[in-house]
Amino acid sequence: FFASGCNAPLTGSTTPGDAVCNDDASGTCANDGTRSQVVALLEPGTYYLVLAGYSTNVGEAAINLEHLPVGNGALQRFPVGAVTAPQPVTGATGGTGQIAGACGGAGPEVSYWWRSCTADAGGRYFFHTCTPATNFDTVLFLRGGNTAGDSCNDDDATFCSTATTRSRIIGSVPAGAGLHVLTLDGYNGAGSYELRVAYPYTPIN
């Protein structure tokens, strides 16, 4: 569990879909049994990650810690597992623009996070904003907590032939448990969007 002090465990959710404490990860990841997995949105400050055994259990454990920035715009969650056909996600960017990928992005942003499970095989991801409902110059970037599969795109004029300031990214989600954050940013401004989402997925184009 996460704690804000030696004797002060976090007890309330910090973002929808998180887990500030966990006993058995099998509740989220069917094959993870008595392993544990916690996820939280943490504001600036000092925090502790506490490892304990259930009841009187003792032993050794390997802890994998992943941390990713999410900016100050809206933060939402994608489903655990696979989205194997492109699904539409709609909304609008907001905030003051706190983060940017290697492709730039000074405008307001929105971020989506999801977790993968130990048994997940990984595979291709596919995200794009080449849709009529997207009305501004977008930038997409994906970060993985283990630094694998990071990518970004500002303008994909080939795929988005009728809307050359829209974006598309394709890459691979690594196998195993992990944290992933997709950020939809504005190159300079903000607007409404329809994002198409799939993971893992092999696009035909």
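Note: the structure precedes this text.
Report on the accompanying structure. (Residues numbered from 1 in each chain as written. Predicted model: local features only at pLDDT ≥ 70, side-chain atom pairs only at ≥ 80, totals over all residues. Heavy atoms only, no water.)

So, about the packing of aromatic side chains. The full count for this structure, using the stated rule, is 6 aromatic pairs. Judged by centre distance (4.7 Å) and plane angle (5 degrees), the ring pair of F78 and Y112 falls under stacked. With a gap of 34 residues between them, F78 in the loop between strand 4 (74–77) and strand 5 (83–92) and Y112 in strand 6 (residues 109–116) connect regions that are remote in the sequence. Classification of Y112 as buried rests on a relative accessible area of 2%. Aromatic pair W114 and F127: ring centres 6.0 Å apart, planes at 55 degrees, arrangement tilted. (Phe/Tyr/Trp six-rings, centres within 6.5 Å; stacked < 30°, edge-to-face > 60°. Helix = DSSP H or I, 4+ residues; strand = E, 2+ residues; numbered from the N terminus. Buried < 20%, exposed > 50% of the residue type's maximum accessible area, 1.4 Å probe, protein only.)

Bringing a nonpolar patch on the surface into the picture now. Among the surface-exposed residues, L49, L51, I63 and L65 lie close enough to one another that they form a single nonpolar patch of about 430 Å² accessible area. Tracing the sequence through the fold places L51 in the loop between strand 3 (48–49) and strand 4. Given the relative accessible area of 56%, L51 is considered exposed. (Patch = residues over 30% accessible without salt bridge, like charges linked within 9 Å, V, L, I, M, F, W, Y side chains within 5 Å. Areas by Shrake-Rupley, 256 points an atom, 1.4 Å probe, with all protein chains shown as cover. Salt bridge = Lys/Arg side-chain N within 4 Å of Asp/Glu carboxyl O.)

Once that is clear, we can look at the side chain of D32. The topology assignment puts D32 in the loop between strand 2 (8–9) and strand 3. Looking at D32, the relative accessible area reads 4%, which means it is buried. Not counting the four nearest positions on each side in its chain, D32 is found in contact with A25, S26, Q37, C117, T118 and A119. (Contact = heavy atoms within 4.5 Å.)

Reading across the sheet, the 3 strands line up as 2-1-3 and stay open at both edges, with antiparallel pairing between neighbours. Both edges of this open sheet fall to strand 2 and strand 3, since each of them pairs with a single strand only. Relative to strand 3, strand 1 (residues 2–5) runs antiparallel, the two being bridged by 2 bridges. Opposite A3, over in strand 3, you have Y48 as the bridge partner. (Pairing = 2+ DSSP bridges.)

Quick look at the sheet that holds strand 6 now. Through backbone hydrogen bonds, the strands of a sheet pair up, either in parallel or in antiparallel fashion. Taken in spatial order, the 5 strands make up an open sheet running 4-6-11-8-9, and their pairing is mixed. Both outer strands of the open sheet, strand 4 and strand 9 (151–153), are each paired with one neighbouring strand and no more. For this sheet, the mean inter-axis angle between neighbouring strands, taken without regard to orientation, is 15 degrees. For strand 8 (residues 138–144) and strand 11 (residues 178–186), the ladder comprises 7 bridges, and the chain directions are antiparallel. Counted as the bridge partner of T138 is G186 from strand 11. (Axes fitted to C-alpha atoms, helices over the stretch in contact; angles between N-to-C directions.)

By the definition in use, this model includes 3 disulfides. The residue that forms a disulfide with C29 is C117, at a sulfur-sulfur distance of 2.0 Å. Judged by the sign of its S-S torsion, about -75 degrees, the bond between C29 and C117 is left-handed. Linking C29 in the loop between strand 2 and strand 3 with C117 in the loop between strand 6 and strand 7 (123–128), this pair joins segments that are 88 residues apart in sequence. Taking relative accessible area as the criterion, C29 reaches 2% and is therefore assigned buried. At a sulfur-sulfur separation of 2.1 Å, the disulfide partner of C103 is C152. On the sign convention where negative means left-handed, the S-S torsion of about 75 degrees between C103 and C152 marks this disulfide as right-handed. With a gap of 49 residues between them, C103 in the loop between strand 5 and strand 6 and C152 in strand 9 connect regions that are remote in the sequence. In this structure C103 comes out as partly exposed when scored by relative accessible area, which is 25%. The exposure class assigned to C152 is partly exposed, which follows from its relative accessible area of 25%. Here C6 is not disulfide-linked; the sulfur of C21 is the nearest cysteine sulfur, at 18 Å. (Disulfide = S-S within 2.5 Å.)

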